[in-house]
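Take a look at the letters that make up each chain.
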Amino acid sequence: MIICGYQGIGKSTLANAGNGYIDLESGNFFVDGNRHEDWYIPYCKIAMHLSEQGYRVFLSSHSVVREYLAKEVGVDKRIVFPSLELKDAWISKLKARWENSNKDKDYRAYMNAVEKYDENIRDLMNQNGFLLLPINDVDYDLDEVI
């Protein structure tokens, strides 16, 4: 199974539990601060290979990743994302994560949500080729959602 997940849903946390989930971090596809324009192709191919081996693989929800995977048949694909109604709570959650970690990637995730939350979520809600799994409450168990 491949799960594209919006920022902050708990991909890394669930994958760190040693339970068959893998968080394939898209940030690892930068080399010397740059990412090749076709970075998503090997990213998705690695995910599909791991999925074929029985892992549940978390991927980013970048549009190029989703569009590439949407064309793949025979792959169990899901997207997990918070609902539009959780906007304020989700942005607060991402801000707290950044303040706690001081990581640049967490700051970028927070700022992306501040600037584009509604656009991002609507985009995910309208994605074809995936089972859509919205999160409707901030108190959730990601494994149960999936």
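Each remark here, short or long, concerns the structure printed above.
Parameters and conventions
- Residues numbered from 1 in each chain as written.
- Predicted model: local features only at pLDDT ≥ 70, side-chain atom pairs only at ≥ 80, totals over all residues.
- Heavy atoms only, no water.
- Helix = DSSP H or I, 4+ residues; strand = E, 2+ residues; numbered from the N terminus.
- Rg over C-alpha atoms; globule rule 2.2 N^0.38 Å.
- Buried < 20%, exposed > 50% of the residue type's maximum accessible area, 1.4 Å probe, protein only.
- Contact = heavy atoms within 4.5 Å.
- Areas by Shrake-Rupley, 256 points an atom, 1.4 Å probe, with all protein chains shown as cover.
- Polar contact = N/O pair within 3.5 Å; in protein donor to acceptor, adjacent residues only side chain to side chain.
- Disulfide = S-S within 2.5 Å.
- Phe/Tyr/Trp six-rings, centres within 6.5 Å; stacked < 30°, edge-to-face > 60°.
- Lys NZ or Arg CZ within 6 Å of the ring centre and 35° of its normal.
- Expected span 1.5 Å × (residues − 1).
- Arc of directions from axis to C-beta.

Peer 1: Explain the overall build of the protein residue by residue, including any values.
Peer 2: A count of helices and strands for the protein gives six helices and five strands. For the protein, the succession of helices and strands along the chain, N to C, is β-α-β-α-β-α-β-α-α-β-α. What you see for the protein is a C-alpha radius of gyration of 15 Å, in line with the 15 Å of a compact globule of 146 residues. Seen along its three principal axes, the alpha-carbon backbone of the protein occupies a region of about 35 × 35 × 30 Å. Burial status across the protein gives 40% buried among its 146 residues. Pairs at least 24 residues apart make up 74% of the contacts formed inside the protein by residues separated by at least 6 positions. Accessible surface for the protein amounts to roughly 8200 Å². Of this, 46% is attributable to carbon and sulfur atoms.

Peer 1: With reference to specific residues and values, describe the side chain of Asn120.
Peer 2: Relative to the helices and strands, Asn120 resides in helix H5 (residues 104–125). Judged by its relative accessible area of 18%, Asn120 is buried. A polar side-chain atom of Asn120 sits 2.6 Å from a polar atom in the side chain of Asn112. Residue contacts for Asn120: discarding those within four places in its chain leaves Tyr6 and Asn112.

Peer 1: Describe in detail the state of the cysteines, supporting the description with residues and values.
Peer 2: Scanning the model with the defined rule gives zero disulfides in all. Of all cysteine sulfurs in the structure, the one in Cys44 sits closest to Cys4, which takes part in no disulfide; the separation is 7.1 Å.

Peer 1: Describe the packing of aromatic side chains, listing the residues and the values that go with them.
Peer 2: In this structure the tally under the stated criterion is ten aromatic pairs. Relative to Tyr68, the ring of Tyr40 has its centre 6.0 Å away and its plane inclined at 70 degrees; by these criteria the two rings are edge-to-face. Placement of Tyr40 in helix H2 (residues 40–52) and of Tyr68 in helix H3 (residues 63–70) is noted, with a sequence separation of 28 residues between them. With respect to burial, Tyr40 and Tyr68 carry one shared label: buried. The interplanar angle of 25 degrees and the centroid separation of 6.2 Å between the aromatic rings of Trp90 and Tyr140 together place this pair among those described as stacked. In this pair, Trp90 is assigned in helix H4 (residues 87–101) and Tyr140 in the loop between strand S5 (131–135) and helix H6 (142–145), connecting sequence segments 50 residues apart. When its relative accessible area of 0% is taken as the criterion, Trp90 is described as buried. Overall, Tyr140 belongs to the partly exposed group, its relative accessible area being 22%. Chaining the aromatic ring pairs together yields one cluster made of Phe29, Trp39, Tyr40, Tyr43 and Tyr68. Here the guanidinium or amino end of Lys77 rests over the ring plane of Phe130, the centre of that ring lying 5.9 Å away. The ring centre of Trp90 lies 4.1 Å from the NZ or CZ of Lys93, which sits over that ring.

Peer 1: Lay out H2 in plain terms, naming residues and giving numbers.
Peer 2: With 13 residues, H2 extends 18 Å between its outermost C-alpha atoms, agreeing within 8% with the 18 Å of an ideal straight helix rising 1.5 Å per residue. Within H2 the residues assigned to the buried category are Tyr40, Tyr43, Cys44, Ala47, Met48, Leu50 and Ser51. Buried residues of H2, seen end-on, are gathered within an arc of 165 degrees and therefore sit on one face of the element. On its buried side, H2 packs onto strand S1 (2–5), strand S2 (21–23), strand S3 (56–59) and H3.

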